[in-house]
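These are the residues of each chain, in order.
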Amino acid sequence: MAETKTATKKAPAKKTSVKKVKTTAVKSVANNTAEKKKILFVASESTPFIATGGLAEVIGSLSKALASTGKFDVRVVIPLYSDIKKEYRDKFSYLGNLYVHLAWRNQYCGIFTYEQDGVTFYFIDNEFYFKRPGCYGYFDDGERFAFFSRSVLEIMPFLNFYPDVMHCHDWQAALASIYLKTNYCFREEYQYIRSLFTIHNIEYQGQYSLDLLCDLFDIYGEYRYFVEYNNSINLMKGAIECSERFSTVSPRYAQEIKDPYFAHGLDPIIRNNAFKLTGILNGIDDLSYNSELDKHLFANFTADDFSNKQVCKSELQKMLNLPVKPDTPIISMVSRLVSHKGLDLVTNVIEELLHDDVQIVILGTGDSHFEGYFIDLARRYPDKMSANIVFNGDLSRKIYSGSDIFLMPSKSEPCGLSQMIACRYGTVPVVRETGGLYDSIKPLVNGYTFSNYNAHDMLYVIRQAVENYKNKTEWKKLMYRAATTDFSWNHSAKEYEALYFDMLK
Ligand code: GLC
């Protein structure tokens, strides 16, 4: 059998024994990095391979930031979805395969690998589960991610890699920490693995009928207590119970989720486990979101010289068929079009706002009634409103850089990355004071904020920003402060570092 294969090649149909094609290479990596603490991220998506939202950006950029400290051997494991682009798949190396048991199932698990920016990525291959468009939304998502999580623990002996900290993210990886506690930590090699569970969004908890407990999730007897909640299985609850520590993606959200308003029913569990909860604000990849280097922009600029931002603005206006008006502020939103992003507030007052001298640009997809509403509005106000109902990374950067004010009025926001990205392009955010928005945007320092979830409170603050925009000297200072706020991982990666070392004491 060949030493390496690419991930686009079909995996062997039937194999019963464990193949150790590249164990020597794997071992030598382990030896070189013997001094470093071993961190394994378990997640359902990661940039640059596959992304449906902020989770992927955090996995991709935090792992890189931690590796660059030189203190950690950082590895990431995600499923090998068929949507991972061929340009990447062709570069992956095939390490081997094994069979993973889960209740009565016995499933093929191929392992591919790729190294980038000092981080080793592993991809779990099983075409039955992952050769489908997109990442989520299938009737058997519970089974797919149970298989994935079980595979994470099963590949450890094969890779000869037992992490010091297994860092699991969101409900899709929750079972990895549950299985560690229930099935694996009694085995010698696994006994020193500490687990950290990070909540990126408490709205999605992985809830299933209790009927599936043994048959699907392979959880028996006294362990039922970990995952049982309100008469169902709740995987996020299970991971909170089973992990040594858990965290969320901003300090404010860590406080908020103790309250029923934010916790989607999990607040008693959060409060009971609050002694092991930390909130660490996400960072962004400041090399990727860099107005000086970003190739997607119409023109590049720096915080010391914003003159080319005008080019970005006028080209954007042309591209979106809006009148080219340098002095009319463009207010933009790049967002999933769902209610908790504050869309109810926006739809309430947007027509009032459209009577002012402003242009409004929306980019995103989501609930069909919001999509339809904005499309209709753009038809009725063609000179003032542009609705782009797509998910488009290139256009998003053109909008971030070409607009003046960025609106993010979320009802709840665990962290939010868009407000930070907008800042990087000198676009001043208007945000509601919740979660990471509260932690990252300070009124009149680098943006505008309002506190109550109230449409006219929001409108009042937007109008204040539009008014201040007319004072070019003051506005430039505000743009400068926004663009130079440090949203890199420098600070937050140190907080994770401290948390890992604390867990390993
Ligand atoms: C989720 C949250 C978002 C956060 C992101 C990364 O998408 O909704 O607020 O920024 O995860 O942690």
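In what follows, the structure referred to is the one given above.
A quick note: this is a predicted structure, and the numbers were derived from the prediction, not measured.

K.L.:
What is the right way to look at the sheet that holds strand β3 (residues 93-102) in this model?
P.N.:
Within a sheet, each strand pairs with its neighbour through backbone hydrogen bonds, oriented either parallel or antiparallel. Ordered by their spatial adjacency, nine strands build an open sheet running β3-β4-β5-β2-β1-β6-β7-β11-β12, and the pairing between neighbours is mixed. Among the strands making up the open sheet, the edge pair consists of β3 and β12 (277-279). Going across the sheet, the axis of each strand differs from the next one's by a mean of 25 degrees, ignoring polarity. When strand β1 (residues 37-42) meets strand β2 (residues 72-79), the two strands line up parallel, connected through six bridges. Within β2, the position partnered with Leu40 by the bridge is Arg75. Relative to the sheet, helix α2 (residues 54-67) contacts β1, β2, β5 (119-125) and β6 (165-169), its axis offset from that of β2 by approximately 160 degrees. Here helix α21 (residues 490-503) sits on the sheet in contact with β1, β2, β6, β7 (194-199), β11 (245-248) and β12, set at roughly 145 degrees to β7.

K.L.:
Where do I start with the site of the ligand in this structure?
P.N.:
Around the ligand, the surrounding shell consists of Gly54, Leu55, Val58, His200, Asn201, Val249, Asn282, Glu413, Pro414, Cys415, Gly416 and Leu417. One nitrogen or oxygen atom from the side chain of Asn282 is found 2.8 Å from an oxygen atom belonging to the ligand. Between Glu413 and the ligand, the recorded distance is 2.6 Å, taken from a side-chain N or O atom to an oxygen atom. Contact with the protein chains covers 91% of the free accessible surface of the ligand, which is 310 Å². A per-class count over the shell around the ligand returns six nonpolar, five polar and one charged. Both of domain 1 (31-283 + 492-503) and domain 2 (307-486) provide at least three residues apiece to the shell around the ligand.

K.L.:
What is the right way to read the packing of aromatic side chains from this model?
P.N.:
Here a ring pair, both rings aromatic, is described through the centre-centre distance and the interplanar angle of the planes. Throughout the structure, instances matching the rule amount to 35 aromatic pairs. Their ring planes at 15 degrees and their centres at 6.4 Å tell us that Tyr400 and Tyr425 sit as a pair that is stacked. Placement of the pair is Tyr400 in helix α16 (residues 393-402) and Tyr425 in the loop between α17 (418-424) and β17 (428-432), with a sequence separation of 25 residues. In this pair, the class of Tyr400 matches that of Tyr425, namely buried. A connected cluster of aromatic rings, assembled from ring pairs, spans Tyr81, Phe128, Tyr129, Phe130, Tyr136, Phe145, Phe147, Phe148, Trp171, Tyr208 and Phe217. Taking NZ or CZ as reference, Arg252 lies 3.8 Å from the ring centre of Tyr438, over its face.

K.L.:
Whenever I open this one, a nonpolar patch on the surface confuses me. Can you help?
P.N.:
There is a patch of nonpolar side chains on the surface, built from Phe298, Val311 and Met319 and spanning about 220 Å² of accessible area. On the secondary structure map, Val311 appears in helix α13 (residues 307-319).

K.L.:
Would you explain the pattern of salt bridges in this entry?
P.N.:
The final tally for this structure, using the stated rule, is 25 salt bridges. Across the pair Arg132 and Asp140 runs a salt bridge, and its minimum N-O distance is 2.7 Å. Take Arg132: its relative accessible area is 13%, and that puts it in the buried class. For the salt bridge of Arg380 with Asp376, the shortest nitrogen-to-oxygen distance reads 3.2 Å. With a gap of four residues between them, Arg380 and Asp376 both fall in helix α15 (residues 368-380), about one helical turn apart. Taken together, the shared-partner salt bridges connect Lys64, Asp117 and Asp285 into one network.

Cut-offs applied
Residues numbered from 1 in each chain as written. Predicted model: local features only at pLDDT ≥ 70, side-chain atom pairs only at ≥ 80, totals over all residues. Heavy atoms only, no water. Pairing = 2+ DSSP bridges. Helix = DSSP H or I, 4+ residues; strand = E, 2+ residues; numbered from the N terminus. Axes fitted to C-alpha atoms, helices over the stretch in contact; angles between N-to-C directions. Contact = heavy atoms within 4.5 Å. Near = heavy atom within 4 Å. Polar contact = N/O pair within 3.5 Å; in protein donor to acceptor, adjacent residues only side chain to side chain. Areas by Shrake-Rupley, 256 points an atom, 1.4 Å probe, with all protein chains shown as cover. Nonpolar A, V, L, I, M, F, W, Y, C, P; charged D, E, K, R; others polar. Domains from an automatic or database assignment. Phe/Tyr/Trp six-rings, centres within 6.5 Å; stacked < 30°, edge-to-face > 60°. Buried < 20%, exposed > 50% of the residue type's maximum accessible area, 1.4 Å probe, protein only. Lys NZ or Arg CZ within 6 Å of the ring centre and 35° of its normal. Patch = residues over 30% accessible without salt bridge, like charges linked within 9 Å, V, L, I, M, F, W, Y side chains within 5 Å. Salt bridge = Lys/Arg side-chain N within 4 Å of Asp/Glu carboxyl O.

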